[in-house]
Amino acid sequence: MRNFLLACLIAVLSPAAHAAERVALVIGVADYATIAPLRNTVNDAAALARMLRQIGFEVTTMLDPAGADLRATLDDFAFEAETADLALVYFAGHGVEVQGENFLIPADAAVRSNRDIQAQAVSLDDLLRAVDRARKMRIVILDSCRDNPFGDLIDLSAPIGGGQAGLAPPAPERGTLVAFAARDGQVALDGEDENSPFALALIDRMAQPGLEISLMFRQVRDLVLERTANRQEPHTYGSLSGEPFYLAGPGEADERVRDEDRRIAWASLRPDQELQLAALAEEGDTRSILGLAYMRLNPDADRFDPAAAARLLSRAAEAGSPEAQFELAKLYEAGLGVAQDEARALALYRQAADQEFADALNDLAFMHYQGGLGLPRDPGRALAYFERAAAQRHPQAMFNYAALIDDGLVAGKGPQEAAGYLFGALRSGSEDVLDILSERPTMFKPETRRALQALLSEHEFYGGAIDGEFGPGTQRGLRAAYGLAE
């Protein structure tokens, strides 16, 4: 009976319909203890923080922080970001590339060598880790591409890249966007007035309702180029998920852009923005190509054209987009817009899984567990796929892998590991997992339930007995871990 429940859960679990929550950490450093101060960075941070609050962000602001305080706040923010739809970090201040790695300088830094930079500064990787577990979107913005403030004290040469100005090109994980005020290796301007050109452009464009996030960053770029007579070109690195997102929310009469179904949400893009999206797609931007494909997969829209969608997805898939590979696999599996071809579908699922695309990993786990697309039932291989999908924080996979561990089917793992995956599924935002743990906790063994209570207690979500009984106190703890306030 347990296996039947597990199979049903794999098939029906879906990400939570969670209220839009946006959190931001805004950092501005101007008054440095041992190096040249900056004029506008604190002004930029304060102005950006005000704007983000106005459009619905919960904002933590740090002005001229010491290194220890900044690192502690980054740790706190990382935990807070786990239950947010979008997490954003903005840093304005001195930044420097040392041997291919980007470092952001806190106010109390006393630097005489490369080693001092590495010991006292925070790295771009530290900022990326702070946003890494947000549920939908992760953004890091650096307005710190200024001249090296340390002169000859440090060696900026690097085996990869390096240089005397600007920052090194980052390589963020998929689903994360890093925006530089100036392209890697270039220097950003501080501005003649109270704010930098980049900060002013961000404040102007971020506050506009109904402006999709990819188009927003492109408009910021164009605005800075215009205002600096082409002397400064902002640049973005990495890629966001294929879900449309609006930092300032939808515009009037645009509520359908909130729809969880990406086909409906993209089809609701305004005509002028669709033209801009098409221009980006012509430049090879795979996320824009995906958006255009989703529009043509909405059966309720006049532009419904599965064959055109398949052509667009093929183009993005060939460019290496795992989401496009996954969506194209579904078309081949169903025979929608293309001739049905299960072998081609399976190959595309595997291509996406080879890039650790969580949805493809989870679907392949299900296929191997149950048998599908001509695959024989292979629980051992299914376990491996579930584990890989769970490592990508796929909520269904985390739940199902926890259930398999609880059943004693995963060698070397026990109640603590099962509880860890259940806790992760809660934090990642699966409403179905919250409902199951609230209404049917006894589907898990007492040892796993006690281990989950211990995790809730460790994170101060629960203060009762570790007894495996999911009474009112544990129920409150589960909701708190999920991100619901009482």
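From a predicted model like this one, the values you see are computed outputs, not experimental measurements.

Reading the values: rules and limits
Residues numbered from 1 in each chain as written. Predicted model: local features only at pLDDT ≥ 70, side-chain atom pairs only at ≥ 80, totals over all residues. Heavy atoms only, no water. Salt bridge = Lys/Arg side-chain N within 4 Å of Asp/Glu carboxyl O. Helix = DSSP H or I, 4+ residues; strand = E, 2+ residues; numbered from the N terminus. Buried < 20%, exposed > 50% of the residue type's maximum accessible area, 1.4 Å probe, protein only. Pairing = 2+ DSSP bridges. Arc of directions from axis to C-beta. Contact = heavy atoms within 4.5 Å. Core = buried A, V, L, I, M, F, W, Y, C linked by side-chain atoms within 4.5 Å.

Engineer: Explain the pattern of salt bridges residue by residue, including any values.
Structural biologist: Within the structure shown, the criterion is met by 18 salt bridges. In this structure, the salt-bridge partner of Arg 287 is Glu 212, at a minimum N-O distance of 2.9 Å. Taken as a pair, Arg 287 in helix H10 (residues 286-295) and Glu 212 in the loop between helix H6 (197-206) and helix H7 (213-227) lie far apart in primary sequence, 75 residues in all. Considered together, Arg 287 and Glu 212 belong to a single accessibility category, that of buried residues.

Engineer: Kindly report on the sheet that holds strand E5 (residues 101-104), identifying the contributing residues and their values.
Structural biologist: Two orientations exist for strands paired in a sheet by backbone hydrogen bonds: parallel and antiparallel. Judged by pairing direction, the sheet is antiparallel, and its 3 strands sit side by side in the order E4-E5-E6 without closing on themselves. Of all the strands in the sheet, the pair left with one neighbour each is strand E4 (95-98) and strand E6 (122-123).

Engineer: Explain helix H20 (residues 472-482) to me, and be specific about the residues and the numbers.
Structural biologist: Residues of H20 that are buried: Thr 474, Gln 475, Gly 477, Leu 478, Ala 481 and Tyr 482. In a view along the axis of H20, the buried residues occupy a sector of 160 degrees, so they form one face of it. Among the structural elements, helix H17 (415-428), helix H18 (431-439) and helix H19 (446-458) are those in contact with the buried residues of H20.

Engineer: Quick rundown of the nonpolar core? Include the residues and the values.
Structural biologist: Ranked by size, the top nonpolar core spans 118 residues in total, and within it Leu 52, Leu 88, Tyr 90, Ile 141 and Met 206 carry the most contacts. Sequence-distant contacts of Leu 52, defined by excluding residues within four places in its chain, comprise Ala 24, Val 26, Phe 57, Val 59, Leu 88 and Met 206. Within the second largest apolar cluster, 39 residues are counted, among which are Leu 74, Phe 103, Leu 104 and Leu 124.

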